Amino acid sequence: MEKHPPQEPTLVPDGTPTTGVSRKVIVRRWAIGIATAGVVGWGLWAVSDFLENLGGGPVRSAADFRKQDIRTREAGRQTIGDLRPGAGRADWLREVGSTSCVDDLGFDGDGVTRKQPGYTWELRYATEAEYRADLGKLRAAWEHRGWKTDDKPPHEPLNSQDRTPRWPGITTTDAHGVTITMGVDGYTGKPGLWTDGGCVRYNTEDRVSGRKHTGAAAGGGPGREGTITYDDGVRVSIGPVESIKPTPEMTGGAAPAAYTYRVPVTVTNRSGAPVELRGHDIGGYEGANPGVERLTSYPSELAGSEPHVVSEGDTTRLEFVYTARTKPSHLELVYAPGGLHSSYEWKLSIP
């Protein structure tokens, strides 16, 4: 009988020595194991992604929310510019609330909230022909930008008395995920424009940052005044501190403090969304200003429960008032223009 030399053992990918048929079996099992692990990993990723989307998407920053809010407003303003003159105005916008952007399943933890930026603009047309002409212009503008345009069928009548115009509409989604729709409102029967930025889930503490700090806000010694310009174009200037004579309204009839100071705060809004100012936007460090007290009734613009709104392109000057029993060497403050911007330190010199 002819004898065959024994086979040399070989190694499969995991380093296990084997020979003959057993080697093929082990290689096949090894390949199946790798494939199974890949399928399991993909399944876990898919489930995680599904739950994240179900919970409102990933947690973003408050700065991201403000950016999307600005983009949602700007999408409407740009669309108004694509229409015939007089069909609408950029400042006719009205905020639209959303009942779908809520945390029904408890995904939002401490410091996390959600909001859906959405706005509507009323449009005015004398005839259906004017409306349809603008609809065609808008379709061409969107397709030129590479956006897919979908037709929106005319409004279905609510009842036999419904006289809402049966005019069609169109909708698209821009490069920033903002949905833009032109059509006829089923309730008012008037043509309109709507923008929807989508539900944004964000951390309220991760706010818009300041990109430029000067003077008393630069982190050095006390200065007469300082300025911070934020990433979204909002600019805050504080100072110089002014020594003033207190009025009876300031003291409430009591003996005036030895020293009274007026601190001007100027907020210039060069962003694409309003800024809401409140009295608690300004504060001081614990123990940083011993013997110094802020009169909370000043400025009067912030004395009520409603915020003071600085519209896009506007500037607001507020005057805070402080009293002191003894003259401080300087004044240390923290300030943020509203709840979506980071607060920073000011070290102001005293006259």
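For the structure itself, consult the block above.
Residues take numbers from 1 onward in each chain, read along the sequence in its written order. It should be noted that, the model being predicted, local features are given only for residues of pLDDT at least 70 and side-chain atom pairs only at 80 or more, the latter also being counted only at that level, while totals for whole chains, interfaces and linings use all residues. Side-chain metrics in this entry use all non-hydrogen atoms of the structure; hydrogen atoms and water are not considered.

1. A few points about the packing of aromatic side chains
Alright, step 1. Classification of ring pairs uses Phe, Tyr and Trp, with its six-membered ring standing for Trp, and accepts pairs whose centres are within 6.5 Å; under 30 degrees between planes counts as stacked, over 60 as edge-to-face, and the remaining range as tilted. Counted under the stated rule, the structure contains 5 aromatic pairs.
Alright, step 2. Plain terms: the ring middles of Tyr125 and Tyr131 are 5.6 Å apart, the flat faces sit at 85 degrees to each other, and that makes the pair edge-to-face. In this structure, Tyr125 and Tyr131 share a single accessibility class: buried.
Alright, step 3. Relative to Trp167, the ring of Tyr131 lies with its centre 4.8 Å away and its plane at 35 degrees, an arrangement referred to as tilted. Separated by 36 residues along the polypeptide, Tyr131 in helix H3 (residues 128-144) and Trp167 in the loop between strand E7 (149-152) and strand E8 (169-173) bring together distant segments of the chain. The same class applies to Tyr131 as to Trp167, namely buried. Using a 1.4 Å probe on the protein chains alone, a residue whose accessible area is under 20% of its type maximum counts as buried, one over 50% counts as exposed, and one in between counts as partly exposed. Secondary structure counts use DSSP, requiring at least four H or I residues in a row for a helix and at least two E residues in a row for a strand, with both numbered from the N terminus.

2. A short note on the state of the cysteines
Throughout this description, disulfide means a covalent bond between two cysteine sulfur atoms.
Alright, step 1. By convention in this document, the label disulfide applies to cysteine sulfur atom pairs within 2.5 Å. Using the criterion set out here, one finds 1 disulfide in the structure.
Alright, step 2. Paired by a disulfide, Cys101 and Cys199 hold their sulfur atoms 2.0 Å apart. Measuring handedness by torsion sign, the sulfur bridge of Cys101 and Cys199 sits at about 70 degrees and is right-handed. Linking Cys101 in the loop between strand E4 (94-95) and strand E5 (112-115) with Cys199 in the loop between strand E10 (191-196) and strand E11 (200-203), this pair joins segments that are 98 residues apart in sequence.
Alright, step 3. Of the residues examined, Cys101 reaches a relative accessible area of 9% and is grouped as buried.
Alright, step 4. Taking the relative accessible area as the measure of exposure, Cys199 reaches 29% and is therefore partly exposed.

3. Points about the sheet that holds strand E9 (residues 179-184)
Alright, step 1. Strands pair, by our definition, only if DSSP identifies at least two bridges between them. Taking strand neighbours across the sheet as the criterion, the 6 strands line up as E4-E6-E10-E9-E8-E7 in an open arrangement whose pairing is antiparallel. Sheet topology places E4 and E7 at the edges, where each strand pairs with a single neighbour.
Alright, step 2. The pairing of E4 with strand E6 (residues 118-122) spans 2 bridges and is antiparallel. What sits directly across from Arg94, in E6, is Thr120.
Alright, step 3. Seen against the sheet, helix H2 (residues 62-82) touches E6, E9 and E10 and runs at an angle of roughly 20 degrees to E6. Note on contacts: a residue pair is in contact if any heavy atoms of the two residues lie within 4.5 Å. Geometry is summarised by axes, namely lines fitted to C-alpha atoms with helices restricted to the contacting stretch, and by angles between N-to-C directions that run from 0 to 180 degrees.

4. Topic: unusual backbone geometry
Alright, step 1. In this chain, Gly239 is followed by Pro240 through a cis amide linkage whose omega measures -5 degrees.
Alright, step 2. Mapped onto the fold, Pro240 is located in the loop between strand E14 (234-238) and strand E15 (242-243).
Alright, step 3. Across the junction of Tyr298 and Pro299, the peptide omega takes the value 0 degrees, indicating a cis bond.
Alright, step 4. Residue position: Pro299 is located in the loop between strand E19 (292-294) and strand E20 (308-310).

5. Quick word on the environment of Lys67
Alright, step 1. Along the chain, Lys67 turns up in helix H2.
Alright, step 2. For the pair Lys67 and Asp231, spaced 164 residues apart in sequence, the C-alpha to C-alpha distance is 9.9 Å.

6. Some details on the sheet that holds E11
Alright, step 1. The strand order across the open sheet built from 3 strands is E3-E11-E5, with neighbouring strands paired in mixed fashion. A strand with exactly one partner marks an edge of an open sheet, and here the two such strands are strand E3 (60-61) and E5.
Alright, step 2. One ladder, built from 2 bridges, connects E3 with E11; its direction is parallel. Bridge pairing in E11 places Ser61 opposite Asn203.

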